[in-house]
Amino acid sequence: MLQSLRARVRYFDWTLFGVSLVLLTLGLVAIYSIDLNRGQEFLNFRKQIAFAVAGIAVFLGIALVDWRFFRSMVWPLYGAGFLSLLGVMATGDTHRATASWFTFGGFALQPVEFAKVILILTLAFYFSKNGFLPSIKTVAQSFALFAGYFIPVLLQPDLGGAGMLFFIWIFMLLFLRLPRRYWLILIFTGIAVAIVSWAFVFKDYQRERVLVFLDPGRDALHRGYNVTQSLVAVGSGGMFGRGLGGGSQSQLRFLPEAQTDFIFAVLAEELGFAAIILLLCAYGFLLYRLSEAASRTTDNFPLFVIVGAMAFFGMEAVANMGMNLGLLPIAGLTLPLVSYGGSSLLSKCMLLGIVQSMRIRSY
């Protein structure tokens, strides 16, 4: 047993762990700064420290578990995730017209964050069983697995969460050798779903978000206010920022949801472009270490899991930064490992722990 533990420590990817700590630290610094003038005795900052400690423990604990255990639990996990998404629609708390949270005491749980991880595991299991030359049946069945999560999330309605589930499915499909006609079918199906969703699923405020993104001046003092203030914050930070607590946009509350959706703008305003370079390098190293782990695996299930993890972290980071820079519509997506929130942080630490387990056992 001691020899096995030494082997796990030896093959542990300390670079991946260290980069994760860098991102966690950047988030804690930004949240501390936001709390300076909020008069809440640093409540969010103290909660995020607890989340970070729990996340690190989850990361390390799961890394010690053989990844084959998670493969054997795919279907129970998928069922639990599906029931949680239905349950939150029926009994969850509503915030900004979206029923996405279970509240326990002073903490909120967002099932869709864990559903993203479960969908990655489920699709990885399914694709690894069916190989890299799928039939139309394989694609259709993978779509059904995806839709089982996508539809409840879309109906909450959580467009950001639904969009991430869609991107994970599409990105994992890219690693299959799909004939061109399959992609044409998927494209036309996607267009049809988008049209139906726009007409019958989207709320008025969600349609307005997209229209404001296309024309920022359409409603600059209401729907376009968030993006306008975010751009002001990003542009005013300069190279080294205004210093912690010195950002007018975040400290005077001009910047909405500063600790979650717009934490990138807080970092840019108060720590400047230098912090943004560090942030981008950290995400770059994280994705590089994930790709390096994928290159070492000899089993298709870990390969697809790591591909899904790369899609999850990469796209969510791009989407959040794009929102802050006015390049993408506001969709309520967090900056991975940086934004405030226990569900987002813990789910990503779980996924990184599973990847770490796969890397350790690939030698």
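Residues numbered from 1 in each chain as written. Predicted model: local features only at pLDDT ≥ 70, side-chain atom pairs only at ≥ 80, totals over all residues. Heavy atoms only, no water.

Let us now look at the packing of helix H6 (residues 111-130) against helix H7 (residues 136-155). Running from N to C, H6 and H7 cross one another at 170°; their axes reach a closest spacing of 11 Å. On the basis of the axis angle, H6 is roughly antiparallel to H7. In this structure, H6 uses Val112, Ala115, Ile118, Leu119, Thr122, Leu123, Tyr126, Phe127 and Asn130 to contact H7, whose residues at the interface are Lys137, Thr138, Gln141, Ser142, Leu145, Phe146, Tyr149 and Val153. Across the contact of H6 with H7, the residue classes tally to eleven nonpolar, five polar and one charged. (Axes fitted to C-alpha atoms, helices over the stretch in contact; angles between N-to-C directions. Helix = DSSP H or I, 4+ residues; strand = E, 2+ residues; numbered from the N terminus. Parallel < 35°, antiparallel > 145°, perpendicular 65-115°, else oblique. Contact = heavy atoms within 4.5 Å. Nonpolar A, V, L, I, M, F, W, Y, C, P; charged D, E, K, R; others polar.)

With omega at -5°, the peptide bond leading from Gln156 into Pro157 counts as cis. Relative to the helices and strands, Pro157 resides in the loop between H7 and helix H8 (159-173). Positive phi values are uncommon outside glycine, yet Phe42 reaches one of about 55°. Position of Phe42 among the secondary structure elements: in the loop between helix H2 (14-35) and helix H3 (43-63). The phi dihedral of Leu337 is positive, around 70°, even though this residue is not glycine.

On to the confidence of the model for the chain, then. When pLDDT is averaged along the chain, the result is 87; 92% of the residues meet or exceed 70. Per-element mean pLDDT across the chain ranges from 62 in helix H1 (residues 2-11) up to 96 in helix H4 (residues 68-72). (pLDDT = per-residue confidence, 0-100.)

A side chain of one charge can pair with a side chain of the opposite charge when the charged atoms of the two come close. Applying the stated criterion across every chain yields a total of eleven salt bridges. Glu316 serves as the salt-bridge partner of Lys348, at 2.7 Å between the closest nitrogen and oxygen. Placement of the pair is Lys348 in helix H15 (residues 342-360) and Glu316 in helix H14 (residues 300-324), with a sequence separation of 32 residues. As far as the burial class goes, Lys348 and Glu316 line up, both buried. Taken together, the salt bridges that share partners define one network made up of Asp13, Arg289, Glu292, Arg296 and Arg359. (Salt bridge = Lys/Arg side-chain N within 4 Å of Asp/Glu carboxyl O. Buried < 20%, exposed > 50% of the residue type's maximum accessible area, 1.4 Å probe, protein only.)

One way to put it is that H2 packs onto helix H13 (residues 263-296) with a least axis distance of 9 Å and a crossing angle of 165°. Looking at the two axes, H2 sits roughly antiparallel to H13. Between H2 and H13 lies a crossing of left-handed hand. A breakdown of the residues in the contact of H2 with H13 according to their chemical character gives 19 nonpolar, four polar and two charged. (Left-handed = near helix turned anticlockwise from the far one by under 90°.)

Bringing the nonpolar core into the picture now. Leu23, Leu279, Phe301 and Val305 are the most contacted members of the largest nonpolar core, which totals 98 residues. Take this core: its biggest share by element is 14 residues, from H13. When neighbours within four sequence positions are excluded, Leu279 is seen to be in contact with Leu23, Leu26, Phe264, Met321, Leu335 and Val338. (Core = buried A, V, L, I, M, F, W, Y, C linked by side-chain atoms within 4.5 Å.)

Inspection of the entire model under this criterion finds 25 aromatic pairs. When the ring of Tyr78 is compared with that of Tyr149, the centres are 4.6 Å apart and the planes differ by 5°; the resulting orientation is stacked. Of the two residues, Tyr78 is situated in helix H5 (residues 74-91) and Tyr149 in helix H7; the sequence distance between them amounts to 71 residues. Residue Tyr78 shares its accessibility class with Tyr149, and that shared class is buried. With a centroid separation of 6.0 Å and an interplanar angle of 55°, the aromatic rings of Phe146 and Phe166 are classed as tilted. (Phe/Tyr/Trp six-rings, centres within 6.5 Å; stacked < 30°, edge-to-face > 60°.)

This part is about a nonpolar patch on the surface. The grouping of Leu83, Leu86, Met89, Ile151 and Leu155 at the surface amounts to a nonpolar patch, some 450 Å² of accessible area in total. Looking at the nonpolar patch, the elements with two or more residues in it are H5 and H7. At three residues, H5 tops the list of elements feeding residues into the nonpolar patch. In this structure, Leu86 sits in helix H5. A residue is classified by how much of its surface remains accessible, and Leu86, at 37% relative accessible area, is partly exposed. (Patch = residues over 30% accessible without salt bridge, like charges linked within 9 Å, V, L, I, M, F, W, Y side chains within 5 Å. Areas by Shrake-Rupley, 256 points an atom, 1.4 Å probe, with all protein chains shown as cover.)

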